[in-house]
There are 2 protein chains.
Amino acid sequence: MANIAFIGTGVMGAPMARHLAAAGHDVTVYNRTRGKAEATGLAVADTPAAAAAGKDAVITCVGNDDDLAQVTLGTDGAFAAMRGDAVFVDHTTVSAAIARRLAAARALSVDAPVSGGQAGAENGTLSIMCGGSAAAMARAEPILGAYAARIVHVGAAGAGQTTKMVNQIAIAGVLQGVSEALRFAQASELDLAKVFEAISGGAAQSWQMVNRWQSMGEDRFDFGFAVDWMRKDLGLALDEAKRNGAVLPVAALVDQFYAEVQKMGGARQDTSALVRRLPK
Amino acid sequence: MANIAFIGTGVMGAPMARHLAAAGHDVTVYNRTRGKAEATGLAVADTPAAAAAGKDAVITCVGNDDDLAQVTLGTDGAFAAMRGDAVFVDHTTVSAAIARRLAAARALSVDAPVSGGQAGAENGTLSIMCGGSAAAMARAEPILGAYAARIVHVGAAGAGQTTKMVNQIAIAGVLQGVSEALRFAQASELDLAKVFEAISGGAAQSWQMVNRWQSMGEDRFDFGFAVDWMRKDLGLALDEAKRNGAVLPVAALVDQFYAEVQKMGGARQDTSALVRRLPK
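These numbers come from a predicted model, not from an experiment.

Calculation criteria
Residues numbered from 1 in each chain as written. Chains lettered and ligands numbered in written order. Predicted model: local features only at pLDDT ≥ 70, side-chain atom pairs only at ≥ 80, totals over all residues. Heavy atoms only, no water. Helix = DSSP H or I, 4+ residues; strand = E, 2+ residues; numbered from the N terminus. Rg over C-alpha atoms; globule rule 2.2 N^0.38 Å. Buried < 20%, exposed > 50% of the residue type's maximum accessible area, 1.4 Å probe, protein only. UniProt positions renumbered as here; feature names shortened; annotations may be inferred. Contact = heavy atoms within 4.5 Å. Buried area = accessible area lost by both parts, 1.4 Å probe. Salt bridge = Lys/Arg side-chain N within 4 Å of Asp/Glu carboxyl O. Lys, Arg positive; Asp, Glu negative; His and termini not counted. Least-squares fit on C-alpha atoms with pLDDT ≥ 70 in both. pLDDT = per-residue confidence, 0-100.

Novice: So what about the overall build of chain A? Which residues, and what values?
Specialist: Along chain A, the regular secondary structure elements total 13 helices and nine strands. Relative to its length of 280 residues, chain A is compact, with a C-alpha radius of gyration of 20 Å against a globular reference of 19 Å. Each of the three principal axes of chain A carries a C-alpha extent, and together these read 65 × 40 × 35 Å. Here chain A holds 280 residues, and 58% of them are scored as buried.

Novice: Before we move on, can you summarise unusual backbone geometry with the specific residues and values?
Specialist: Residue and element names in this part refer to chain A. At D219, a residue that is not glycine, the phi angle is positive and equals roughly 55°. Topologically, D219 is positioned in the loop between α11 (207-217) and α12 (227-244). Residue classification places D219 among the partly exposed positions, given a relative accessible area of 37%.

Novice: Tell me about the UniProt feature "domain: 6-phosphogluconate dehydrogenase NADP-binding" (unreviewed entry) in chain A, residues and numbers included.
Specialist: When the UniProt feature table is mapped onto this chain, "domain: 6-phosphogluconate dehydrogenase NADP-binding" (unreviewed entry) is found at residues 3-155 of chain A. Span residues 3-155 of chain A is 40% helix and 26% strand, its end C-alpha atoms 26 Å apart.

Novice: Go over the interface of chain A and chain B, please, and point to the residues and values.
Specialist: The interface of chain A with chain B comprises 58 residues on the first partner and 59 residues on the second. Of the roughly 4,600 Å² buried between chain A and chain B on both sides combined, carbon and sulfur atoms contribute 71%. Looking only at chain A, the three residues that lose the most surface to chain B are V166(A), E180(A) and F184(A), adding up to 15% of its buried area. There are zero salt bridges connecting chain A and chain B. The leading source of residues in the side of chain A that touches chain B is helix α9 (residues 159-187) of chain A, at 19 residues.

Novice: Describe the side chain of K164(B), naming the residues involved and giving the relevant values.
Specialist: Residues and elements named next belong to chain B. Mapped onto the fold, K164 is located in helix α9 (residues 159-187). It is D233 that comes nearest to the buried, bridge-free K164 among opposite-charge side chains, at 4.0 Å. When sequence neighbours within four positions are dropped, the list of residues in contact with K164 reads T93, P113, V114, M129 and D233.

Novice: Please set out the pattern of salt bridges residue by residue, giving values where relevant.
Specialist: Residue and element names in this part refer to chain A. On inspection of all chains with the given rule, the structure shows 25 salt bridges over all chains. With its nearest N and O atoms 2.1 Å apart, the salt bridge here joins R277 to E260. Linking R277 in the segment after α13 (249-266) with E260 in helix α13, this pair joins segments that are 17 residues apart in sequence. By relative accessible area, R277 is classed as buried at 17%. On the accessibility criterion, E260 (37% relative accessible area) is partly exposed. It is possible to trace a salt-bridge network through shared partners that takes in R34, E38 and D46.

Novice: Could you give me a rundown of the relation of the copies chain A and chain B, with the residues and numbers involved?
Specialist: With an RMSD of 0.0 Å, the operation that places chain A on chain B is a rotation of 180° combined with a shift of 0.0 Å along the axis. Taken together, these values place the two copies in the relation of a two-fold axis. Most of the interface of chain A is mirrored in chain B, where 100% of its interface residues again form contacts.

Novice: So what about the confidence of the model for chain A? Which residues, and what values?
Specialist: Averaged over all residues, the pLDDT of chain A equals 97, while 100% of them reach at least 70. On the interface metric, ipTM, the complex scores 0.96, and its pTM is 0.96.

Structure, rendered in C-alpha cells:
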C-alpha cells in the first residue's frame, strides 16, 4: 500500500481518490476549492506541495493545461516537493505538449487520461490510456487498478493524450452519423425502436447508437460528459493536428456544430445533444 | 414449400436463390445476362413474366429503380403475369417512392432491402428491413428465413427502404469518424493495435472500428460493399431527404468524399476506402 497525494477532487477526482482509500492506500487530497477536498472525508492538504511532500505517488485530475501547470510547476506546486523516486500520474485531458513537458521534468511521469465518465469513476471501471516509460508504468499500474477496468500502456510520454484525442475524434463522427440517422428516421415517421432492432446489430452499430439512440429520440441529454468538455477535447485534437499534420474535416465541423449547441443552451448537456441542432 | 421466381441473380441474388432451393422451395430464376441465371444451376426462365407466372412468390434483387421498374411493370415484367394471391418481395436498395408505387400496384408487396453484404448472402445471415402490410409480411417472412439471420417488419410500404437509408447515413458518419481517428493516430506515430485495445471497448466503439480498424491501417479495402454502391445508397438518402425534410450535412459531405475516392481509383474498393482521401 502506498502514500498517495490526489490533487483535484472534482466529479471525477473525488470518487477516484475514495477508491484509492478503499483499496487501502493512505490518501491526502488537495483541491483549489477546499470544500470539495473536505467533502471526500480524506486528509486535506493546504497546497499541492504540502500534499505531495514525501509521498510515493502524486496523482492529478484537474481542468486543463493551465491548471495542470499550476499544480505541478507553479508556486507551491507538487513537483518541487516530490521525492525523487515518487511516480507522477496525470488524469486530466490536456495537450500532448504539456504531458511531454512534465515527463521531461520528471522521468517517472505517466499521462493517463481516462474514458468512462463520471459513472466509470464512481464504479471504478474507467479505461485509462497511458503514455510514459516502462519504469513509470510499472509504478503507476498497481495504483490505477483501484478505479480502472482497463489500463493500456500505449506508448511514450504524450501517447496517452493523443490516444484520448483519437477517441474523441472517432466519437465526433459517430455521434453526428447517429444524429443524422435519427433525425432522418423521425422525418420518415419510422418507429425508432423497430429501426434500432433492424440496424443495431450490423455495420451501422456503434456504442453511441446502442446507448443513446432511445434517449436522443426522447430529447434526453443528461448523461454527464458535457458539450463544454467535448469542445475542450476537440480543441486539443485540432491543435495537435496542426502539429502532426492530420486532416480532420468532420471533427472540425462537429466542433462548430457543438458551438451551435452551446448557443442553444446545451453547454452542460451531454455530447449526444449534438442532435439538437438538426431540425426536427 | 413454395414455388418461387427469383429475378436478379447477381452476387447477392444468386446465393439467396440457392438458399431458397436448399430449403426445399421450387425456384425458377431470371437474369438479364442469362449466363448468370444458368450459373445458379436452377431452372431458368426467358423473361420476368415467364418466371413469375403461376408462382406463389416473386422475389427481385436487381440494380436500381429503373431495373426494378423494368422487371416488374415493364414489357414482359412480372406483375402482369403474377397470380392475384402471390406475394412480391424486393431486395433491391431503391427509393421509397418506387417501393410505395409497387405496393400501390400490388397490396401483397414487401420492400425488403438487406444488410450484411455478399458474405451475409452466401452464409444466409442477412438482416432484412421490411416495409409492407401485415398480410404481405405473413406471406414473405417464412420464405425470407432461408437466408436471413434477422427479419424486422419496420412499418408500411417504403419503411424498409427508409430504414436502409438510416443505416447508410449512420455508417457514413461512423466511417468518417473512424477514418479521421485512424489517420490522426498514424500522424501521432501511435501503435494502432495499442490504440484499438485502449478505445475499442468504450464510447468510441463501432462495428466499423472493430472490424475495419486494422485493415484500414494496412490499406486493405477488399471487403465487398463498394464505394460505387455506397454513393448510390447515399444518393437515395439525400433524394429522400428533399422529400422528408431531414438535414444531412455530414452524409452529404461524405458522399462528396466518396466522389473523391472514386476519382482516386477506389470505386470498386469497399466503403472503408473512405480513409484514402485523408492524407497520411
